[in-house]
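Observations on the model geometry
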Amino acid sequence: QVHKYKGPLKIGDLEIDVITYGKTAVQNMPSLKKTSQPAEEGGSLDTGVKMERTYWNKLGEEEEEVDREHRTKAYPYGKQLVPFSKADEELLKYTCEAALTILAFVPKESIRRYWCLSTVDCVVAQA
């Protein structure tokens with residue numbers, strides 16, 4: 001079984017090395033993939049549909065296809081688009097170390113039942 005987290009469990013100043021395993025998980029229905037009818041009739045083994053996107057730059061009356069290396073992400077800010085480069089993305093990426101910390105203990109009666117309707121993990125101390 002693959003562990004979800006391996007590291008310290010922090011309770012105040014106390015640290016215990018633990019491993020967590022998933023015991024239950026939400027199971028979704030498999031997705032319905034798009035298939036190609038002509039490929040199925042032709043006896044092809046690969047009947048999946050692959051999506052291709054093309055981007056065009058409209059300058060006045062003429063349109064020009066934009067290559068992948070010349071594209072930049074942009075986000076709307078009001079009525080205009082603000083370009084956002086890879087360097088900007090890396091600079092603003094949130095980085096932190098994985099940690100499992102107990103912040104407080106509460107009485108069992110104050111826990112709402114619907115808060116526990118998610119996945120269940122098992123926390124085991126390392127030997």
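1. Focus on the packing of aromatic side chains
The description of an aromatic ring pair uses the distance of the two centres, along with the angle that the planes make with each other. Inspection of the entire model under this criterion finds 2 aromatic pairs. Consider the rings of Tyr75 and Phe84, whose centres lie 5.5 Å apart with planes at 85°: the pair is edge-to-face. Exposure remark for Phe84: the relative accessible area of 22% places this residue in the partly exposed category. Ring centres 6.2 Å apart and planes at 80° place the aromatic pair Tyr114 and Trp115 in the edge-to-face group. In this pair, the class of Tyr114 matches that of Trp115, namely exposed.

2. Observations regarding the sheet that holds strand β7 (residues 100–102)
An order of β7-β1-β2-β8 is seen for the 4 strands of this open sheet, with the pairing classed as mixed. Either end of the sheet is taken by a strand with one partner, and the two such strands are β7 and β8 (120–125). Strand after strand, the sheet turns through a mean of 35° between neighbouring axes, direction not considered. Relative to strand β2 (residues 14–24), strand β1 (residues 3–11) runs antiparallel, the two being bridged by 8 bridges.

Criteria and cut-off values
- Residues numbered from 1 in each chain as written.
- Predicted model: local features only at pLDDT ≥ 70, side-chain atom pairs only at ≥ 80, totals over all residues.
- Heavy atoms only, no water.
- Phe/Tyr/Trp six-rings, centres within 6.5 Å; stacked < 30°, edge-to-face > 60°.
- Buried < 20%, exposed > 50% of the residue type's maximum accessible area, 1.4 Å probe, protein only.
- Pairing = 2+ DSSP bridges.
- Helix = DSSP H or I, 4+ residues; strand = E, 2+ residues; numbered from the N terminus.
- Axes fitted to C-alpha atoms, helices over the stretch in contact; angles between N-to-C directions.

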